[in-house]
Amino acid sequence: MSLRSCSLRLVQRVRLPRHCAYATQVHPHHLVTKPSAFGQPTLKSHPHLVKPGELTPGIPASEYERRRRQLVEGLPHGSLVVCVAGQVKYMSAAIFYKFRQASDFWYLTGFEEPDSALILEKTGTPRGFRMLLYSTGKDPSKEKWDGAFTRFQDVLGLFGADEARPLESFADDLRAFAARAEHVYADVPAHHGRRAGSGRGLLRYLSRQQPRAARSDPDAYLDAIAASKRRPLAPLVGALRSVKSTHEQEVMKASADISARAHAKTMRFAQPGLSEADLQAHFEYMCTRSGVQRPAYVPVVASGENALVIHYTRNDHLLRDGELVLLDAGGEYNGYASDITRTFPVNGTFTPPQRELYAALLATQKALVKECAVARGHSLDSLHRRSVSLLRAELGKIGLPCEGTVLERVLYPHYLTHPIGIDLHESGTVERGAPLKEGMVITIEPGKHE
Ligand code: GLY
Ligand code: MN
């Protein structure tokens, strides 16, 4: 047994004589594992993170129920919803990346364990549906390696499932449910980055259940559903996700505030001679200390002309005196992304031309943020068009006229905006030409890489 699996409270710290401050002394009979009861933070295990009534930090259990109800209410009689969790992804062999739950599954359940699945069957009951949640359950041999999994009885109590079942039952259950349903809403999960041909957990299990499927086929579970009954789920969940509740807006504000503070601290930290990686590390350190679980995207720390590469992420050049550095970075906090880009002088002082250009962009951005009101009737497309004309006007004022298409071809080749939420780019289901609705959250990023 490794020391990592010891309960900390059973490890005694003893004062050593002379100059050594402390050493750790472990008594063999104290080497017991300390399984926490749940596979994710709960009010009971993490009262500093989860408040009464919340299922995940900032989001009440009742809101997850509302999401499921709204989804099912919009479906015809005889509908079934199937949503599978994310899978652990591997860098190589058994070396895994930190797990992140699949966004739609998390939105509908708040359940954070991999190798899980959800079935919602539309019913005529007052609740309107029956909810089955499939998961690993307690497994001491697995928990020694991976930490606690939530017990089935807690899946019922905490997550509102009518039935909590082992993942092993999922394939057979799905076949039976799908046989009697008329419409089955399901999506193929994205499995980018998974080890080729060696799926684990849910995937491996499902592949075993499906003789047709290759071991690496991530769509294996869809075989249980007749093709004529399959309907896409993502657009329906996407439409719900596009409008943020008050609770979601609060979490998103907190997420953006944390990233904004980390940006400000990182600006003060910057100086010639440091590397771009130093700034990345400083930003991520500030975010992590404020509770951010992961970067919402790979940060861009682009000094000098590196900023001309829109997704520059090598972040391995030195910061030079007199240059600008672009920091495009945001954290994911309690399930919600933030996205901030700022460009600032490495040595703390803009040269006059740098200041003029910065001011032109800032004026454009501020004007566009003001236009983000439902009353203005904008769509993403009309906001983008407005950004092009505003930016053209601002650049003209400082003696940089951009005739014809040069602005959009050379200086501003990307789109102004994208919806943001659980995913950094929640664009999939938002029509670019449709009017924006109250509760939508979008970014405003005009010509951020000049
Ligand atoms: N600012 C990062 C992105 O939108 O891709
Ligand atoms: Mn963005």
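The protein chain has the name Peptidase M24 in an unreviewed UniProt entry, where Lactarius akahatsu is given as its organism. Per UniProt, the comment on the protein chain under Cofactor (unreviewed entry) is "Mn(2+)".

Okay, helix α5 (residues 170-180) next. Of the positions making up α5, those classed as buried are F170, A171, D173, L174, F177 and A178. Seen along its axis, α5 keeps its buried residues to an arc of 160°; they face one direction. Residues of α5 that are exposed and point more than 90 degrees away from the buried face comprise A179 and R180.

Bringing the coordination of the manganese ion (ligand 2) into the picture now. Within the protein, the manganese ion (ligand 2) binds to D339 (OD), H418 (NE2) and E445 (OE); these donor distances fall in the range 1.9 to 2.2 Å. Binding-site remark: the manganese ion (ligand 2) is held by donors from one chain whose sequence spacing is D-x78-H-x26-E. Residue H418 is found in the segment after α12 (406-411), and its partner E445 is found in the segment after α12; the two are separated by 27 residues along the sequence. Note on accessibility: H418 and E445 belong to one class, buried.

Right, let's talk about the nonpolar core for a bit. One recurring pattern in soluble globular proteins: nonpolar side chains tend to sit buried together. In this structure, L71, L118, L120, L133 and L279 are the most contacted members of the largest nonpolar core, which totals 53 residues. Dropping the residues within four chain positions of it, L279 is found in contact with T266, F269, A270, L274, V301, L319, V325 and F344. Grouped together as the second largest cluster of nonpolar side chains are 19 residues, L132, A181, V184 and Y221 included.

Our focus in this paragraph is the sheet that holds strand β17 (residues 336-337). With respect to topology, three strands assemble into an open sheet ordered β13-β16-β17, the strand pairing being antiparallel. Either end of the sheet is taken by a strand with one partner, and the two such strands are β13 (294-295) and β17. Where strand β16 (residues 331-333) lies against β17, two bridges are found, and the strand directions are antiparallel. Each bridged residue has a counterpart across the sheet, and for Y333 the counterpart in β17 is Y336.

You will see that A93, though not glycine, has its phi angle at about 40°, which is positive. Tracing the chain through its elements places A93 in the loop between β6 (90-92) and β7 (95-96). Positive phi values are uncommon outside glycine, yet N315 reaches one of about 50°. Note that N315 resides in the loop between β14 (300-303) and β15 (324-329). For N315, a relative accessible area of 2% corresponds to the buried category.

Let us now look at the packing of aromatic side chains. Any aromatic ring pair is given by two values, namely how distant the centres are and how the planes are angled relative to each other. Counting across every chain of the model gives six aromatic pairs. Judged by centre distance (6.1 Å) and plane angle (85°), the ring pair of Y64 and W106 falls under edge-to-face. Taken together, the residues Y64 in helix α1 (residues 61-73) and W106 in helix α2 (residues 103-109) connect sequence positions 42 residues apart. Both residues of the pair, Y64 and W106, belong to the buried class.

Attention now goes to the pattern of salt bridges. Here the structure, examined in full by the defined rule, presents 29 salt bridges. Among the salt bridges present, the one from E73 reaches R69, with a minimum N-O distance of 3.9 Å. Taken as a pair, E73 and R69 lie in helix α1 at a separation of four residues, close to a single helical turn. Among the ionic pairs, R151 bridges to D154, the shortest N-O distance being 2.9 Å. The network of salt bridges with common partners includes R100, D104, R241, K244, R294, E332, D423 and E426.

A cluster of nonpolar side chains, namely M91, I95 and Y97, defines an oily patch on the protein surface of about 330 Å² accessible area. Relative to the elements of secondary structure, I95 occurs in strand β7.

As a further point, take the sheet that holds strand β9 (residues 129-135). Taken together, the six strands give an open sheet; going across it, the order is β10-β9-β8-β5-β11-β12, and neighbouring strands pair in mixed fashion. Of all strands in the sheet, those bounded by a partner on one side alone are β10 (163-166) and β12 (230-232). When the angles between neighbouring strand axes are averaged without regard to direction, this sheet yields 25°. Pairing analysis gives four bridges linking strand β5 (residues 79-84) to strand β11 (residues 183-186), with the strands arranged parallel. Its bridge partner being in β11, S79 is matched across the sheet by H183. Seen against the sheet, helix α4 (residues 152-159) touches β9 and β10 and runs at an angle of roughly 145° to β10.

The next thing to look at is the pairing of β9. Judged by how many residues are buried, β9 sits mostly within the fold: six of seven residues are covered. In this sheet, β9 lies alongside strand β8 (residues 117-122) in antiparallel orientation, the contact comprising six bridges. Its bridge partner lying in β9, L120 is registered against M131. Between β8 and the antiparallel strand that follows it, β9, lie six residues; G128 among them carries a positive phi value of about 95°.

Here is what the cut-offs are and how they apply
Residues numbered from 1 in each chain as written. Chains lettered and ligands numbered in written order. Predicted model: local features only at pLDDT ≥ 70, side-chain atom pairs only at ≥ 80, totals over all residues. Heavy atoms only, no water. UniProt positions renumbered as here; feature names shortened; annotations may be inferred. Buried < 20%, exposed > 50% of the residue type's maximum accessible area, 1.4 Å probe, protein only. Helix = DSSP H or I, 4+ residues; strand = E, 2+ residues; numbered from the N terminus. Arc of directions from axis to C-beta. Donors = N, O, S within 2.8 Å, 3.2 Å for Na, K, Ca; no water. Core = buried A, V, L, I, M, F, W, Y, C linked by side-chain atoms within 4.5 Å. Contact = heavy atoms within 4.5 Å. Pairing = 2+ DSSP bridges. Phe/Tyr/Trp six-rings, centres within 6.5 Å; stacked < 30°, edge-to-face > 60°. Salt bridge = Lys/Arg side-chain N within 4 Å of Asp/Glu carboxyl O. Patch = residues over 30% accessible without salt bridge, like charges linked within 9 Å, V, L, I, M, F, W, Y side chains within 5 Å. Areas by Shrake-Rupley, 256 points an atom, 1.4 Å probe, with all protein chains shown as cover. Axes fitted to C-alpha atoms, helices over the stretch in contact; angles between N-to-C directions.

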